[in-house]
Amino acid sequence: MKEELFLSGRMNPNIDPYLNIWHWQIPLYLFLGGLAAGILFFAALYTIRGKAHLMPATVKWATFLVPAALVLGLISLFLDLKHKPFFWQLYTTIRFESPMSWGAWVLMLVTPLSFIWSASYLRETVPSWKWRYRWLESFESWVIKNRPGLSWAMIVLAVILGIYTGILLSAFNARPLWNASILGPLFLVSGLSTGAAVIMWLSKDPAERKLMSKIDLMLIGIELFLIVHLFMGFLASTAVQIDAAGLFLGGQFTLGFWVFVVLLGIIVPGILEIMEIRGYHIPVAVPAILILYGGLLFRFIMVEAGQITRYLY
Amino acid sequence: MAIDVKKCVGCSDCVVACQVENNVHHGYCRDWVTETINGTYPQLETEIRSERCNHCDNAPCVRCCPTGASHIADGGIVLVTARKCIGCGACIQSCPYDARYSHPDGHVDKCTFCAHRVEAGQQPACVAVCPTSCMYFGDIDNPYSDISQIMKVRKWKVLAPEAGTRPQIFYLL
């Protein structure tokens, strides 16, 4: 028998009895950041490949959602801060060792870029739109001319943004559930998958929709592979990580994770997409909504469960 | 800092001394006393430890901090500059000892080893007040300091060495 107790009765708010310092704001941001990264990635990819005219939903319509998602994400990150008047301290320094510093700076670059990108498609989408100032018009034509160049910047920033949502968590070695290097790629792939789902949902062109559906199916496959590897890694690791995996393998998150995230949020939409490709008629909103819901719930569960896991001594 | 678990009786004087000295907000504590009971009745073994921030050499809280508010000051004490802290919680997530908490004012707070007392040549409040004198505080790089002397002759351990943080609180066994 081994029993541990606090003789002096430690009960620091949000720390005891188990850590709960991050609430809904962080997983919501991780979802929105991943979604934005996914949409921007595909928009940049098809612009670089010169297929922008074939993929209107990818490069145009879906990107209008990105500034909104990023602004909402930034608001939720701001709401999470407990010392709000000092938030600007993030931008007084660059700390290469801190993933959060990376994230703050990438958001600083990618948010204006996403505004510029979607604004450059505004006149094409809303023909009656007129810019108020001449310099905005000349800036717009400069952006339109340099879209392939901007795409390169955007694709790099999108990958950093997407992978950082996972690395943010995996950098915390004190939380065994998060402390897995596979979390970065897993969150990136999950973010790309939610991005592809939104594009698929918005697309009116059957060829584009089918292509995004196929890409999403591939991403779902990779995501499942990474999830299996995440748990294989935990089970082959130290006691604290075996305990962490136990939360999902018989513990309190078992049902929530395997049924509501993996089955309903990943496998079922995957099957629906296969059926769609095989020629069955499936309303595209169904797999898209399931994927978005799975991505959101996945992040909520990972953040919540990760905070419970700890080193015991 | 070295703490002799054979001498500690778990009176929690160190906890109260810290709260008074540092004006710690009601309901919070920067140090605490843990009791571990090992074995099966009647063969039981008890270990009582006064715990606090381990002022790690490889501090994950300092590494994760996006603004540099968490830093290792001269002499090795891990401190938080309240005016630089944005309250993001990254350091709290990164601490394997759960030694940090969010101050009601918003910034992160933790044990400072009573840096204000140490600078004045005094012992931290918890060390000064300990009725069994079970704590030793000093410069571990100085081979003639009390702490270096006692660590030479006693067996010691650190908490969760597997977390890789190189903690600087040594429990004398």
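Residues numbered from 1 in each chain as written. Chains lettered and ligands numbered in written order. Predicted model: local features only at pLDDT ≥ 70, side-chain atom pairs only at ≥ 80, totals over all residues.

Focus: the overall build of chain B
Then, in step 1: Counting secondary structure elements, chain B contains 6 helices and 10 strands.
Then, in step 2: Here the C-alpha atoms of chain B give a radius of gyration of 16 Å, agreeing with the 16 Å that 2.2 N^0.38 yields for 173 residues.
Then, in step 3: A burial count over chain B gives 43% of its 173 residues as buried.
Then, in step 4: In chain B, the proportion of contacts linking residues at least 24 apart, taken out of those at least 6 apart, comes to 51%. (Helix = DSSP H or I, 4+ residues; strand = E, 2+ residues; numbered from the N terminus. Rg over C-alpha atoms; globule rule 2.2 N^0.38 Å. Buried ≥ 20, exposed ≤ 12 C-beta atoms within 10 Å, placed from the backbone. Contact = placed C-beta atoms within 7 Å.)

A short note on the interface of chain B and chain A
Then, in step 1: Contacts between the two partners involve 46 residues from chain B, matched on the other side by 40 residues from chain A.
Then, in step 2: Residue assignment for the side of chain B that touches chain A shows that the elements contributing at least two residues are strand 2 (32-40), helix 2 (60-64), helix 3 (90-94) and strand 6 (101-102) of chain B.
Then, in step 3: For the side of chain B that touches chain A, the element with the highest residue contribution is strand 2 of chain B, accounting for 9 residues.
Then, in step 4: Its residues placed into classes, the side of chain B that touches chain A shows 22 nonpolar, 18 polar and 6 charged.
Then, in step 5: Bridging between strand 1 (residues 2-6) of chain A and strand 2 of chain B involves 5 bridges; their strand directions are antiparallel. The residue bridging A:Leu5 from the neighbouring strand is B:Glu35, located in strand 2 of chain B. (Nonpolar A, V, L, I, M, F, W, Y, C, P; charged D, E, K, R; others polar. Pairing = 2+ DSSP bridges.)

Side note on the packing of helix 8 (residues 183-202) of chain A against helix 12 (residues 285-308) of chain A
Residue and element names in this part refer to chain A.
Then, in step 1: Contact geometry of helix 8 with helix 12 gives a least axis separation of 9 Å together with a crossing angle of 155°. What the angle tells us is that helix 8 and helix 12 run roughly antiparallel. The handedness of the crossing between helix 8 and helix 12 is left-handed. Side by side, helix 8 and helix 12 meet where Ser 190, Ser 193, Thr 194, Ala 197, Val 198, Met 200 and Trp 201 of the first sit next to Ala 285, Ala 288, Ile 291, Leu 292, Gly 295 and Phe 298 of the second.
Then, in step 2: The residue makeup of the contact of helix 8 with helix 12, split by class, is 9 nonpolar, 4 polar and no charged. (Axes fitted to C-alpha atoms, helices over the stretch in contact; angles between N-to-C directions. Parallel < 35°, antiparallel > 145°, perpendicular 65-115°, else oblique. Left-handed = near helix turned anticlockwise from the far one by under 90°.)

A few points about unusual backbone geometry
Then, in step 1: A:Asp16 connects to A:Pro17 through a cis peptide bond whose omega is 0°.
Then, in step 2: Cis rather than trans, the peptide bond between B:Tyr41 and B:Pro42 has omega equal to 5°.
Then, in step 3: Topologically, B:Pro42 is positioned in the loop between strand 2 and strand 3 (43-51).
Then, in step 4: In this model, B:Ser12 sits at a positive phi of 70°, which is unusual for a non-glycine residue.
Then, in step 5: Mapped onto the fold, B:Ser12 is located in the loop between strand 1 (2-4) and helix 1 (13-21).
Then, in step 6: With a phi angle near 50°, B:Asn23 is a residue other than glycine that sits in the positive phi range.
Then, in step 7: Position of B:Asn23 among the secondary structure elements: in the loop between helix 1 and strand 2.
Then, in step 8: Residue classification places B:Asn23 among the exposed residues on the basis of 7 C-beta atoms within 10 Å.

Some words on the nonpolar core
Then, in step 1: Among the nonpolar cores identified, the biggest contains 135 residues, and A:Ala36, A:Ile39, A:Leu40, A:Val198, A:Ile199, B:Ile3 and B:Met135 are the most heavily contacted of them.
Then, in step 2: Examining the composition of this core, we find that 16 residues originate from one element, helix 1 (residues 25-48) of chain A, more than from any other. (Core = buried A, V, L, I, M, F, W, Y, C linked by C-beta atoms within 7 Å.)

Remarks on the sheet that holds strand 3 of chain B
Then, in step 1: Taken in spatial order, the 3 strands of this open sheet run 1(A)-2(B)-3(B), and their pairing is antiparallel. The open sheet has two edge strands with one neighbour each: strand 1 of chain A together with strand 3 of chain B. With direction set aside, neighbouring strand axes in the sheet form an average angle of 15°.

Concerning helix 3 (residues 65-80) of chain A
Residue and element names in this part refer to chain A.
Then, in step 1: End to end, helix 3 covers 23 Å across 16 residues, agreeing with the expected 22 Å (1.5 Å per residue, within 8%).
Then, in step 2: If you check which residues of helix 3 are buried, you get Val 66, Ala 69, Leu 70, Gly 73, Ser 76, Leu 77 and Asp 80. Considered in projection along helix 3, the buried side chains sweep an arc of 125° and stay on one side of the axis.
Then, in step 3: Buried residues in helix 3 make contact with helix 1 and helix 4 (99-120). (Expected span 1.5 Å × (residues − 1). Arc of directions from axis to C-beta.)

Quick notes on the pairing of strand 3 of chain B
All names here are of chain B.
Then, in step 1: Alignment of strand 2 against strand 3, held across 9 bridges, turns out to be antiparallel. Its bridge partner lying in strand 3, Asn 38 is registered against Glu 45.
Then, in step 2: What sits between the antiparallel neighbours strand 2 and strand 3 is a turn of 2 residues.

A closer look at the packing of helix 11 (residues 254-277) of chain A against helix 12 of chain A
All names here are of chain A.
Then, in step 1: Where helix 11 contacts helix 12, the axes come no closer than 9 Å and their chain directions differ by 155°. The angle between the axes of helix 11 and helix 12 places the two elements in the roughly antiparallel class. Crossing geometry of helix 11 relative to helix 12 is assigned as left-handed. Counting all contacts with helix 11, which are made through Gly 256, Phe 257, Phe 260, Val 261, Leu 264, Gly 265, Ile 266, Val 268, Pro 269, Leu 272 and Glu 273, the residues of helix 12 involved are Val 286, Pro 287, Leu 290, Ile 291, Tyr 293, Gly 294, Gly 295, Leu 297, Phe 298 and Ile 301.
Then, in step 2: Class assignment for the residues of the contact of helix 11 with helix 12 results in 16 nonpolar, 4 polar and 1 charged.

Examining the sheet that holds strand 9 (residues 156-157) of chain B
The strands that make up a sheet are held in pairs by hydrogen bonds between backbone atoms, and each pair lies either parallel or antiparallel.
Then, in step 1: Strands sit in the order 8-1-10-9 (chain B) across an open sheet of 4 strands; the sheet is mixed. Across the chains shown, the open sheet's two edge strands, defined by having one partner strand only, are strand 8 (135-136) and strand 9 of chain B.

Quick word on the environment of A:Ile308
Residues and elements named next belong to chain A.
Then, in step 1: Along the chain, the position of Ile 308 falls in helix 12.
Then, in step 2: Ile 308 sits in the partly exposed class, given 18 other C-beta atoms within 10 Å.
Then, in step 3: Spatially, the C-alpha atoms of Ile 308 and Tyr 18 are 5.8 Å apart, while their sequence positions differ by 290 residues.
Then, in step 4: Those residues within four positions of Ile 308 in sequence are excluded, and the remaining contacts are Tyr 18 and Leu 247.

Just distances and angles here, no functional claims.
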